[in-house]
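# Observations on the three-dimensional arrangement
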Amino acid sequence: MSATSFLSENELKAIGFKCYGSNVLISRKASIYGAANISIGDNVRIDDFCILSGHITIGSNIHISAYVALYGAMGIELMDFAGISPRTTIYSAMDDFSGEYLIGPIHPEKKINVSGGKVTLEEYVQIGCNCVIFPDLTIKEGSVIGAMSLVSQPVDEWGIYVGVPARRIKDRSKNMKNLKY
């Protein structure tokens, strides 16, 4: 074992990911659950205290900052050149809080009601710090979600969105597409 704070190649293999590419850096302090359901592309960095759980597909050229939680029970996909800033949480499933059911994974399945759907972050999407992304939606290509925003509806392409709930405040430049490598 090397003295780096990222997992070695042998340690990555031992985790049992569905697949992973080259230049993958995952902090030793990240928590991975259900690795057989997680795919990771090339040039990906996952920082300290992240939680990855469920069905997750991470494309290439992606940075997932510290304290990010990806709860992929019903699927999460991060497409190439996407990024997630610190302390953001993405949910692909959510409990029923109506009072008609119990809440949490400790109860029998017949006593809970979980709903949701896949969350997709398309290419060049950036999520700001302390955001919450609800289940069953797509954030379209090139959009940015500002810090401390709540995304509860699908987001159109190449916009800057902020607030609770997130709303579009202006367009975003597409120039970064010219920088693709």
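The coordinates are above.
Residues numbered from 1 in each chain as written. Predicted model: local features only at pLDDT ≥ 70, side-chain atom pairs only at ≥ 80, totals over all residues. Heavy atoms only, no water.

## Concerning the pairing of strand β19 (residues 159–162)
Taking every second residue as pointing to the same face, the buried face of β19 carries G159 and Y161, while none of I160 and V162 on the other face is buried. Across two bridges, the pairing between strand β17 (residues 144–145) and β19 is parallel. Within the sheet, the bridge partner assigned to V144 lies in β19 and is I160. Bridging between β19 and strand β20 (residues 167–171) involves four bridges; their strand directions are antiparallel. Residue pairing for β20: V162 is matched across the bridge by R167. Linking two consecutive strands that pair antiparallel, namely β19 and β20, is a turn of four residues; a positive phi of about 105° is found at G163 within it. (Buried < 20%, exposed > 50% of the residue type's maximum accessible area, 1.4 Å probe, protein only. Helix = DSSP H or I, 4+ residues; strand = E, 2+ residues; numbered from the N terminus. Pairing = 2+ DSSP bridges.)

## Quick look at the layout of surface pockets
By volume, the largest pocket amounts to about 270 Å³. Those elements that place two or more of their residues in the lining of the largest pocket are β8 (69–78) and β11 (93–95). Broken down by element, the lining of the largest pocket gets its largest block of residues, three residues, from β11. By residue class, the composition of the lining of the largest pocket is eight nonpolar, three polar and one charged. (1 Å grid on protein atoms, 1.4 Å probe; cavity = no way out; pocket = protein on both sides within 12 Å on 5 of 7 lines; lining within 4 Å. Points joined across faces, edges and corners; volume = space filled by probe spheres on them. Nonpolar A, V, L, I, M, F, W, Y, C, P; charged D, E, K, R; others polar.)

## What about the side chain of S65?
Here S65 is to be found in the loop between β7 (62–64) and β8. Filtering out sequence-adjacent residues up to four positions away, S65 remains in contact with D47, C50, I84, S85 and P86. (Contact = heavy atoms within 4.5 Å.)

## Some points on the side chain of S27
As for its position among the elements, S27 is in the loop between β2 (24–26) and β3 (31–33). Judged by relative accessible area, which is 2%, S27 ranks as buried. For S27, the side chain forms a polar contact with the main-chain nitrogen of K29, separated by 2.9 Å. Within the local environment of S27, its side chain forms a polar contact with the side chain of D48, the two groups lying 2.4 Å apart. Sequence-distant contacts of S27, that is, excluding residues within four places in its chain, are made with S5, F6, L7, I46, D47 and D48. (Polar contact = N/O pair within 3.5 Å; in protein donor to acceptor, adjacent residues only side chain to side chain.)

These values are about where atoms sit, not about what they do.
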